[in-house]
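Here is what each chain is made of, one letter per residue.
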Amino acid sequence: MAETESDSQFEEFWDELLRDAEVSGEPQRASFFRMYAELAAENGDCADLVYCPVIREGSRPYQVDGYALDRDRGELHVAVCDFRPERTLQNLNADGINSIFNRVRRFCEYAIRQDFLKGLEEVSSEFELAWFIQENADFIKRIRCVMFSNARLATRKKTLEA
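Residues numbered from 1 in each chain as written. Predicted model: local features only at pLDDT ≥ 70, side-chain atom pairs only at ≥ 80, totals over all residues. Heavy atoms only, no water.

**Q** Would you take a moment to explain unusual backbone geometry for this structure?
**A** Among all residues except glycine, the phi angle is most often negative; among peptide bonds, the trans geometry is most common. A positive phi angle, near 55 degrees, is found at Arg-60, a position not held by glycine. With respect to the helices and strands, Arg-60 occurs in the loop between strand 1 (50-56) and strand 2 (62-70). Given the relative accessible area of 44%, Arg-60 is considered partly exposed. (Helix = DSSP H or I, 4+ residues; strand = E, 2+ residues; numbered from the N terminus. Buried < 20%, exposed > 50% of the residue type's maximum accessible area, 1.4 Å probe, protein only.)

**Q** Would you mind going over the nonpolar core with me for this structure?
**A** Across soluble globular proteins, nonpolar side chains show a tendency to be buried alongside one another. Counting residues in each nonpolar core, the largest one holds 27 residues, and the members touching the most others are Tyr-67, Leu-76, Phe-107, Phe-116, Leu-129, Ala-130 and Ile-133. Per-element tally for this core: the top contributor is helix 3 (residues 94-111), with seven residues. When residues no more than four places from it in sequence are discounted, the contact partners of Leu-129 are Cys-52, Val-54, Val-64, Tyr-67 and Phe-107. Membership of the second largest hydrophobic core comes to 16 residues, among which are Phe-32, Leu-49, Ala-68 and Phe-148. (Core = buried A, V, L, I, M, F, W, Y, C linked by side-chain atoms within 4.5 Å. Contact = heavy atoms within 4.5 Å.)

**Q** Honestly, helix 2 (residues 28-43) in this entry has me stumped. Any pointers?
**A** An α-helical segment advances 3.6 residues per turn. Residues three or four places apart therefore align on the same side. Compared with an ideal rise of 1.5 Å per residue, which puts 16 residues at 22 Å, helix 2 spans 23 Å between its outermost C-alpha atoms and is within 8% of the ideal. Burial in helix 2 covers these residues: Ala-30, Ser-31, Phe-32, Phe-33, Met-35, Ala-37 and Ala-40. Where helix 2 is buried, its residues meet helix 1 (5-24), strand 1, strand 2, strand 3 (75-82) and strand 5 (142-149). (Expected span 1.5 Å × (residues − 1).)

**Q** I tried to follow the side chain of Ser-31 on my own but got confused; where do I start?
**A** Tracing the backbone through its elements, the reader meets Ser-31 in helix 2. Of the polar contacts made by the side chain of Ser-31, one reaches the backbone nitrogen of Ala-21; its length is 3.5 Å. The contacts of Ser-31, once residues within four sequence positions are left out, are Leu-17, Asp-20, Ala-21, Ser-24 and Glu-26. (Polar contact = N/O pair within 3.5 Å; in protein donor to acceptor, adjacent residues only side chain to side chain.)

**Q** How should the sheet that holds strand 5 be read in this particular structure?
**A** Remark on secondary structure: sheet strands pair via backbone hydrogen bonds, oriented parallel or antiparallel. As summarised here, the arrangement of the four strands in space is 1-2-3-5, forming an open sheet in which the pairing is mixed. The sheet terminates laterally at strand 1 and strand 5, the two strands that pair on one side only. Each adjacent strand pair in this sheet contributes to an overall mean axis angle of 30 degrees, direction not counted. Here five bridges tie strand 2 to strand 3, and the two strands are oriented antiparallel to one another. Bridge assignment links Tyr-67 to a residue of strand 3, and that residue is Val-78. Lying over the sheet, helix 3 contacts strand 1, strand 2, strand 3 and strand 5, oriented at roughly 65 degrees with respect to strand 2. Packing of helix 5 (residues 125-135) onto the sheet brings it into contact with strand 1, strand 2 and strand 3, and relative to strand 1 it is tilted by some 115 degrees. (Pairing = 2+ DSSP bridges. Axes fitted to C-alpha atoms, helices over the stretch in contact; angles between N-to-C directions.)

**Q** Got a minute to help me understand the side chain of Glu-75 in this structure?
**A** Within the secondary structure, Glu-75 sits in strand 3. Residue classification places Glu-75 among the buried residues on the basis of a relative accessible area of 5%. Filtering out sequence-adjacent residues up to four positions away, Glu-75 remains in contact with Ala-68, Leu-69, Asp-70, Arg-142 and Arg-144.

**Q** Is there a simple way to explain the pairing of strand 3 in this structure?
**A** Each regular strand shows side chains that alternate between the opposite faces of the sheet. Burial of strand 3 is extensive: eight of the eight residues sit out of reach of the surface. Between strand 2 and strand 3, which pair antiparallel in sequence order, lie four residues; one of them, Gly-74, sits at a positive phi of approximately 70 degrees. Across eight bridges, the pairing between strand 3 and strand 5 is parallel. Residue pairing for strand 5: Ala-79 is matched across the bridge by Val-146.

Dropping the structure here:
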C-alpha cells in the first residue's frame, strides 16, 4: 500500500514527539502539549500556556491540560489535549469534539465553586488551576478553549434535500 503524504507527516510527527519526550524526560503527553502550545502561541491562537494536566474520569469527567490569562483582554485561555498514543492515525468526529469540550466546560463550572476547591488536595493540578481561576475571576470576562489533537478530523457534511 502506498504511503500518503498525511501518513508520512504523521510518522514525522511521531518521530519528533518521541525524540522530544526522550530528551526532555517528560511523558509523551506532556511533550505533545508543549509542541502544540508553542505552535499555538506562535500562531497567535493563545498566550503562552502553562502545562497543568487536570483529568478526572468516571461520572461527570473533566479535563484541562493547560491555561494562560490575558489580563488585557480579560480572556482565560484553556487548552485540552486529545492525545492518542496509537502510532496509527485515528479519526476525531464532531461527537468526540463536543465530548472533549464538555469536559473542559465542566471543570470550569466546578472551578468557580468554593466547595470544589475545598475538596481538593492543595498540591494537585486541579487545585492549582481552580485556585488560579478563582483568584482571577474579576479579570476573566471570557474563556477561550483550544484543543490539541493528533487525530484526523472526520466530519460528514449534511446533505441538503431539494
